[in-house]
Each structure stands twice: as C-alpha cells, then as structure tokens.
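Descriptive structure summary
Here is how the chains run, residue by residue.
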Amino acid sequence: MSALNRVPSLMARAGTASALTIAAVGGSVVIPGVASDAAAATPATKALHIAASKKGSPYKYGATGPRRFDCSGLTLYSFKKAGKKLPRTAAQQYNKTHHISAKSRKAGDLVFFHSGSSVYHVGIYAGKGKIWHAPKTGDVVRLQKIWTKKVWYGRVS
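Residues numbered from 1 in each chain as written. Predicted model: local features only at pLDDT ≥ 70, side-chain atom pairs only at ≥ 80, totals over all residues. Heavy atoms only, no water.

**Points about the pattern of salt bridges**
A pair can form between side chains of opposite charge whenever their charged atoms are brought close. Heads up, the condition is: Note on definitions: salt bridges are taken to be side-chain nitrogens of Lys or Arg within 4 Å of carboxyl oxygens of Asp or Glu. In this text, helices come from DSSP runs of H or I with a minimum length of four residues, and strands from runs of E with a minimum of two, each type numbered from the N-terminal end.
Overall, the coordinates contain three salt bridges when judged by the stated rule. Taking the shortest distance from any N to any O, the salt bridge between Asp 109 and Arg 155 comes out at 2.8 Å. Of this pair, Asp 109 sits in the loop between β1 (98-100) and β2 (110-115) while Arg 155 is found in strand β6 (residues 151-155), placing the two residues 46 residues apart along the sequence.

**With respect to the side chain of Asp 139**
We count it as follows: Accessible area is worked out with a 1.4 Å probe on protein chains only. A residue is then buried under 20% of its type maximum, exposed over 50%, and partly exposed in between. Counted as a polar contact is a pair of N or O atoms within 3.5 Å, where, for protein atoms, one must be capable of donating a hydrogen and the other of accepting one, and residues adjacent in sequence contribute only when both atoms are in side chains. By the convention used here, residues are in contact when the closest approach between their heavy atoms is within 4.5 Å.
Here Asp 139 is to be found in the loop between β4 (130-133) and β5 (142-145). Residue classification places Asp 139 among the buried residues on the basis of a relative accessible area of 15%. Polar contacts involving the side chain of Asp 139 include one to the side chain of Arg 142, which spans 3.0 Å. In this structure, Asp 139 is in contact with Pro 58 and Tyr 59, ignoring residues within four places of it in sequence.

**Some details on the pairing of β6**
The condition is simple: Note on pairing: two strands pair once DSSP finds at least 2 bridges between them.
In the sheet, β1 pairs with β6 via three bridges, with the strands oriented antiparallel. Bridge pairing links Ile 100 to Tyr 153 in β6. As judged from the four bridges shared by β2 and β6, these two strands associate in the antiparallel manner. Across the sheet, Phe 113 pairs through a bridge with Val 151, a residue of β6.

**Looking at the layout of surface pockets**
To locate leftover empty space, one rolls a probe as large as a water molecule over the atoms. What counts, and what does not: The definitions used throughout rest on a 1 Å grid laid over the protein atoms alone, on which a cavity is an enclosed set of points accommodating a 1.4 Å probe that cannot get out and a pocket is an open set flanked by protein within 12 Å on both sides along at least five of seven lines; lining residues are those having an atom within 4 Å of a point. Grid points are joined across faces, edges and corners, and a volume is the space filled by probe spheres set on the points. Amino acids are sorted into nonpolar (Ala, Val, Leu, Ile, Met, Phe, Trp, Tyr, Cys and Pro), charged (Asp, Glu, Lys and Arg) and polar (every other residue, Gly among them).
Here the second largest pocket is characterised by a volume of approximately 160 Å³. Taken together, Tyr 59, Tyr 61, Asp 70, Cys 71, Ser 72, Arg 88, Thr 89, Ala 90, Tyr 120, His 121, Ala 134 and Pro 135 form the lining of the second largest pocket. For the lining of the second largest pocket, the elements supplying multiple residues, two or more each, are α5 (71-81) and β3 (118-127). Its residues placed into classes, the lining of the second largest pocket shows seven nonpolar, three polar and two charged.

**Considering helix α4 (residues 43-53)**
Convention followed: Throughout, the arc means that of the directions going from the helix axis to the C-beta atoms.
If you check which residues of α4 are buried, you get Ala 44, Ala 47, Leu 48, Ile 50 and Ala 51. For α4, the angular spread of buried residues about the axis comes to 165°, placing them on one side. Structural note: α4 exposes His 49 and Ser 53 on the side pointing more than 90 degrees away from its buried face.

**Digging into the sheet that holds β6**
Hydrogen bonds along the backbone pair up the strands of a sheet, which may run parallel or antiparallel. We count it as follows: Geometry is summarised by axes, namely lines fitted to C-alpha atoms with helices restricted to the contacting stretch, and by angles between N-to-C directions that run from 0 to 180 degrees.
Pairing in this open sheet of six strands is antiparallel, and the strands run β1-β6-β2-β3-β4-β5 from one edge to the other. Sheet topology places β1 and β5 at the edges, where each strand pairs with a single neighbour. In this sheet, adjacent strand axes meet at a mean angle of 45° when their direction is disregarded. Against the sheet, α4 engages β3 and β4, with an angle of about 100° to β3.

**Side note on the environment of Gly 56**
Along the chain, Gly 56 turns up in the loop between α4 and α5. Distance in space between the C-alpha atoms of Gly 56 and Val 141 is 5.1 Å, their sequence separation being 85 residues. Not counting chain neighbours up to four residues away, the residues in contact with Gly 56 comprise Val 140 and Val 141.

**As for the packing of aromatic side chains**
Let me state the cut-off plainly: Ring pairs are drawn from Phe, Tyr and Trp, using the six-membered ring of Trp, whenever the two centres fall within 6.5 Å, and their geometry is named by plane angle: stacked under 30 degrees, edge-to-face over 60, tilted for the rest.
Throughout the structure, instances matching the rule amount to five aromatic pairs. Taken together, a centroid distance of 5.3 Å and an interplanar angle of 65° make the contact between Phe 69 and Tyr 77 edge-to-face. Residues Phe 69 and Tyr 77 agree in their burial class; the two are buried. Where Tyr 125 meets Tyr 153, the ring centres are 6.3 Å apart and the plane angle is 85°; that geometry is what we call edge-to-face. Within this pair, whereas Tyr 125 is found in strand β3, its partner Tyr 153 is found in strand β6, the two being separated by 28 residues in sequence.

What follows is the structure in structure tokens.
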C-alpha cells in the first residue's frame, strides 16, 4: 500500500490536523502496530521488485547482473539482494525451493518451466499469470504472460 493510499486511514488514526501538518513539512506519521512498506515486505516481495527494476536489461547467457542476466541469473540476483541465497541454475533452484501448487502460488514465488522432468527456464511470479524473466539471447528482462501449462512453482524459504 503506498503512502498516498494510507492518507485517509492515517488521518483518521493520527488526527486530521497533525497528519496534514506532518505531511506539509515532509515528515511521516508513525503509528504503533502499522508496519511500513519496507518492514512489511517479505524477501519474495523484495526479490520481485528487484527483478522488475531490471526491466530492459539485456539477456546474456551465464550473466548474474547487475546489468545483464540470464533467467536463473536474474532470480539469483534478485533473491540475493533480498537476503536469500539460491544456487546458480534453474534446475538447482527448483531443487532448493519448497514446491507448491499453482493454487498456492503468490507474487514472488519462482515459476519453473519444464520439459518432462527437466527444468529449462525460471522466472519470478508477478501475479495475474505473469512473470518477470530474462527470456533469451537478443531479448531483455521483461514482464510476460506465462505461455504454457508446463510449469512448476517453488517458494524460496
């Protein structure tokens, strides 16, 4: 929830005059029991935002950032910046995650593309059937709809 969306509830809790005064001088309202966006963000949510911030970065096979990425390099980089360690390849990452059903998936979970039992691609679930990923040579990090049903989901713990 952005600060702008919280203004009505903040004003109700902090008092109209005090919240407006604080906002006018560029301060922030601290309300006990209400976590800030940063404090409330899980590592998965942080990783999702980090991946999204890399939009337009070129794909390069074997690259792990910060300016170029392959698919598993993007997930590795994003989760590392969010405080979680992942192995290097998509298959290794799949083996290190808690496997979950499509019904249980949440934004920030990993989406693994497979052929039979072989994992060949990974992205970070963004919600609404879309992932952030580094697709292939000649492409860039981008948000894209999941194009196949041959996916597995994993949660980084």
